[in-house]
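What follows is the residue order along each chain.
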Amino acid sequence: MKLRSALGPVGLFVLLMSAGMAGCDRDGEGGERSENVHKALRMDKEAAASSKAAASGKGAFVQPPKIDLPYHKEKLKNGLTVIVHEDDKAPVVAVNIWYKVGSKDEVRGKTGFAHLFEHLMFNGSENFPGEYFEPFQRSGATDMNGTTSNDRTNYFETMPVGALDMTLWMESDRMGHFKGAISQEKLDEQRGVVKNEKRQGENRPYGQAFDLIAENTFPSDHPYSWTTIGSMEDLDQASLEDVKQWFSDYYQPANAILVIAGDITVEEAMKKAREYFGDIPSTSVPDELKNWELPIQVNKRLVTTDQVPQTRIYKVWNVPAIGSEEEDALDLLTSLMANRKNSLLYRRLVRDEQVATSVSAFYYARQLAGQIIVMVDVKPGQSVEEVEKLLNDELREFARTGVSEEELRRIKQSEFASLVKGLEKIGGFGGKTDLLARSEFYYDDPGALLNGIQDYAKVSVDDVQDVAQRWLKPNHFTMIITPKEKFEVTGEDVDRSKLPAVDKTVELDLPEQQSFTLDNGLKVVLAERHDTPVVFMRLQYRSGASADGEQPGLASVVARMLSEGAGDFDSLAFSARQEELGAAIGASSGLDYNSLSFSALKTQLEPSLELFRDVISSPLFPEEDLARVKSNWLDSIRQEEAQPQGLAMRKLPPLLFGENHPYGAPLTGSGTPEAIKSITREDLVKFHKTWLRPDNAQLTVVGDVTRDEIQKLLNDTLGGWDAPSDPLPALDIPVVQRPEKARIFLLDRPGAQQSYIMAGLVMPPWQAEGAEAFDAMASAIAGKFTSRINMNLREDKHWSYGARAVSLDAEAQRPYIVFAPVQTDKTAPAMQELLKEYKAYLGKRPIKESELKDYQDDEVLKQSARFQTKGQLLSSIAWQIEKGLPAEYIANYPQRVSALTQEQVAAAAKEYLAPGQFTWMVVGDLSKIQKPIEELGIGEVEVLPAAE
C-alpha cells in the first residue's frame, strides 16, 4: 500500500490543486470483500516480498511502527457505507464524506462539472437556504472544506461533540435534499467563482503546466486528459438541467462513504448515521469506472513560453495506478530521486554541479493510471540542453546501479516517523477520517493503507531498481464495472424544519504547564501529553528581522544555514542522521524572533537531543554551502518577483515603514538581493553568537515525557551551552507615523489576467487589553470567508477568488494587510468596493449583533479542537510565553471572547482602522488599470519601476 496515501501529505495536496485536484477553498477520496480473500492476498504478497528480501539480504527492511486504528464498517440498507473510529482524546468529532465521482466521470465538452458541483454544495440546501458555512462558523468548526480530484469528491469538517447532530443534519440535507435548492442564480454565482479560481491558477508562473501534461500524456478519450477544474468554455455551457442531473446521478447514499471519527462510540455514531441518512433513497448508481488499460508511453517534446523567472524541465512517465504490485516501490523511487538533500538528483544537480535551484519528483497515483513526474528548475545562466542531458544521464545511472540499503532504510524510517506524528489528527487533510475513507474508496478496505505499511517496510533495493529500469524509459513526455442492487430506505424520518441545536458546552482538559530552569540558565516550560510516543520542542530567541541591521534577510539565512551541518555532521550527514533517528529539526525566522523546532520519537529522544544540541551550539555554516544557498536564495527572490503576490509583499513593507526600518524588509522574509550577496560566513557566526544564547531564549516542550526525564536529558545534552559574558545588544524599533492621506503605488505586469491588490496600514503594538475586541473587529470585516469584503468581491460580484486581511504578529507596530486578487477590468471598482465596506464599517454599518454572536460562538467552540495535536498545544504555549502572559491566559480566552460587546468592537474599529490612510499596492497590466485607478481620486498615484 502506498504509505504516503496514509500520510495524506498536505504539501502534495497543494501541488495537486493545479495538477488534478481542486478545492472549494473555504475557511476554512461497493461491496465488501471477504476477509479470507484479504488474507490470501496478503499471504501471497508477503511471500513474494519475503522471497525477494531474502535474495537481497533483507538489508533494507525497517520495522514499521505498531499502529492501532480500530474501525467499524457497516452498509445501511440504502447503500451508504459508514465507517466509525473512536478517539476520545479531545471532545471533537470529525465527519468526512467521499462521493465516488470526480472529473474522470465527465465527458469532453462538459469538463469541470465535478468541481463546479462541489462549489454549489456550499450554497445551502432545500431545508437550509443560504451559506452552508454559517451554522458551522457559529459552532467551532475546524478543518472544514471540500475537494475534488480526478477520482472522487469529498466534504469534511471537525466539530465539537455538541455540534455533531447539526453537522450530520447539514451533510444529510445536502445529500438528500439539495436538488430543489439549485437555482440559475446560484449556478451563475459559483460559475464565476470557479472561473476566478482558474484565472488565479493560470496567473501563477507555470500555472498551465499540468493542463499541458494531461493533454499531452493521455489519449483524448481518456478521463485524465483534462484537469479537474475544466475549461472556461465548458463551464459556460453547464446548464441548470445538466447540474441537477449530475446530482441525481451521483449524489446518493449508495455512491458515498461516510466516516465518523472522534469522541463518540460506535453505537452512538451508527444510530445517528441511520437517523440522519437512513431515509435518503438510492436509485440506480452509475457504472463506476475503476480500471483502464495503461496508456502507452508517449515520445513527445513540448517547448512553450510563460511569464516565469527561470526554465523548468518536466519529465513525465505513465506508470501503474493505485493498487498495483509496484505501488510502494514507485513511491520510494521518487523519494530516492528527489525531495531530500541526500536524494540522487538533488545532490547531483543542486549541490554538486549547481546547475539547478530545485528538483522534485512524485508518484502521482490515481485510480485509472499513475504518473511519475520529475521537475527541475534550471539555474539562470545554465544551458538547458546540458542540464537536461545531465538529468537524463543521472536517471539512466540510477536505473543501472540502484541505491544503497542504508539510504532506503533512512527514507522508510523517516516516513514511518511522519506517519506516527500525523495520526494525532482526527479530521482534515490527511487525518484519520481521510485515511479511512481513502482506504475504503481505493481498496474496498478501511484498514488497507495501515495494513500495507508491512509491505512498504519490505520493499528492497532490487524492487526499487526493477521499477526504475522498467518505467524510466527514453520514451516519455518532456516539457513538460457489479450487479445492480435493490435499495430501500429505513422509513425513519428526521425533522428538517429546523437545524438541531448545537451544544455549546466546551470542556478542555489542558495539561499543566511546568516551569523550570536548566543549569545554564535556560528557561523551560513543559506540558506532558502521553497519547503518542513523540516529543515536540520549540526554542525561540529574540532576534529575527529586527536584528538584521543593514543586511535584510540575514536572520532568515542564519535559520536556513542551521540545517547545513552541525557538530561532526556535514549537511548531507546531518540530513541522513535525522532520517535515521526519525527526528525533525528545523529553523524559522520572523519579524522579532528566530526559532528552532524539534520533534523526535520517545525511543530516540536522547540521540535526537544530541543532534539538536549540535545545531544550537556548534553549527558549521560551511562556506561552500553558504555560496550555494545564497545563489539559490537570489533565484528564489526572482521567483517571488515573478508572482504578483510575491512582488507586492516585497514592495509594500518599505512603503509602510521606510526603507531602513527593521520591518521595512520584504514580508516574504527573503531580504534584498544586495543584502543577500553581502552576507559572509562571519556574519552568520556573529549573528548566531550574538543572539542564540541561553539568557535570550525560551524552550517549550510538549510530549510523552515527564519533568524528571526531560530535565535530566536537557541538562545532559544542553548543559555545556553557556551564555557569553557580553551583554545582549538592544533592539531599537523606531515608531512610524501613518501617512496623512492614502497613497497608491502601481507595478506593471503586462498581459496579467488578474490584478493583485494590497492595502497596508500600520497598527499599534499588540497588547493583551482589548486584543479580543480587535480580533473580532478584524474578523467581521475581512478575516474569514463570510467577512464583508470577501462576500462582496467573491460571492456578490464574482470579481475575485477570495479577499482577506491579516494583522501580522510583531513586538512593535504591526502591519495590517488587505489583499484581493481581482480580474483586470474590475481593479478600480474593486478598490472602490473595499473602501466602501471599510467606511461603512466605521460609520453607518458597524458590526451587527449577529456578526458578533457568530464570531463568539465560532471562536469559543473552536477551542475544542485548538489543542488536538501536540504541535497545536506547543504553538499556543510558545506564543503565550513570547507575550509574557500567564498560563491561565489561554484557558480564560473563551470567557473573554464571550464577554465582548458590540460597543467594544465598534470602538476598536474606530481606534484602529483608517481606510483614508491606506497605502495601496496594485500589481497588474497598467495599460488597462492605471487610468481607471487615477480617476478614483483616492490619493496620489505613483508607478514604481519594474523589478530587474
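These figures come from a predicted structure and were not determined experimentally.

Student: How do you make sense of the sheet that holds strand E26 (residues 940-943) when you look at a structure like this?
Tutor: Within a sheet, adjacent strands bond to each other through the backbone by hydrogen bonds, running parallel or antiparallel. Strand order in this open sheet of six strands is E23-E24-E22-E25-E21-E26, and the pairing throughout is mixed. Taken across any chain shown, the strands that pair with only one partner, and hence form the sheet edges, are strand E23 (804-807) and E26. Between one strand axis and the next, the sheet turns by 20° as a mean value, whatever way the strands run. Judged from the four bridges that link them, E23 and strand E24 (residues 814-823) form a sheet pairing that is antiparallel. For Ala-805, the partnering residue across the bridge sits in E24 and is Val-818. In the packing of helix H30 (residues 827-842) onto the sheet, contacts are made with strand E21 (743-748), strand E22 (754-763), E23, E24 and strand E25 (919-924), and the angle to E24 comes to roughly 135°.

Student: Is there a simple way to explain the sheet that holds strand E13 (residues 513-517) in this structure?
Tutor: Across the sheet, which stays open at both edges, the six strands sit in the order E13-E14-E20-E15-E19-E18 with mixed pairing between neighbours. Edge strands, defined here as strands with exactly one partner in the open sheet, are E13 and strand E18 (584-589). The sheet shows a mean angle of 15° between the axes of neighbouring strands, direction not considered.

Student: Would you explain the pattern of salt bridges in this entry?
Tutor: Where charged atoms of side chains with opposite charge meet at close range, the side chains can pair. By the definition in use, this model includes 55 salt bridges. A salt bridge links Arg-560 to Glu-564, with the shortest nitrogen-to-oxygen separation between them at 2.6 Å. For Arg-650, the salt bridge is made with Glu-640, and the minimal N-O distance between the two is 2.8 Å. Linking Arg-650 in helix H24 (residues 644-657) with Glu-640 in helix H23 (residues 623-642), this pair joins segments that are 10 residues apart in sequence. The two residues Arg-650 and Glu-640 agree in class, both being buried.

Student: What is the right way to read the pairing of strand E6 (residues 153-160) from this model?
Tutor: Taken residue by residue, a regular strand's side chains alternate between the two faces of the sheet. For E6, a buried count of eight out of eight residues is recorded, marking the element as mostly surrounded by other parts of the structure. As paired elements, strand E4 (residues 92-99) and E6 share eight bridges and run antiparallel to each other. Within the sheet, the bridge partner assigned to Val-92 lies in E6 and is Pro-160. Counted along the chain from strand E5 (residues 142-149) to the antiparallel partner E6, the turn is three residues long.

Definitions and limits used
The residue count restarts for each chain, going from 1 along the sequence in the order it is written. Local features in a predicted model are, by the rule used here, given only for residues with pLDDT of at least 70; side-chain atom pairs are given and counted only at 80 or more, and totals for whole chains, interfaces and linings are based on all residues. The side-chain figures draw on all heavy atoms in the structure; neither hydrogens nor water molecules are used. We treat two strands as partners when DSSP finds at least two bridges between them. Under the DSSP-based scheme used, a helix requires at least four consecutive residues in state H or I and a strand at least two consecutive residues in state E, with every element numbered from the N terminus. To obtain an axis, a line is fitted to C-alpha atoms, over the contacting stretch when the element is a helix, and the angle between two such axes runs from 0 to 180 degrees between their N-to-C directions. Contacts are assigned to residue pairs that have any heavy atoms within 4.5 Å of one another. Criterion for a salt bridge: a side-chain nitrogen of Lys or Arg within 4 Å of a carboxyl oxygen of Asp or Glu. For every residue, the accessible area (1.4 Å probe, protein chains only) is compared with the maximum for its type, and the residue is labelled buried under 20%, exposed over 50%, or partly exposed between those bounds.

Limitation: the analysis is restricted to geometry and does not speak to function.
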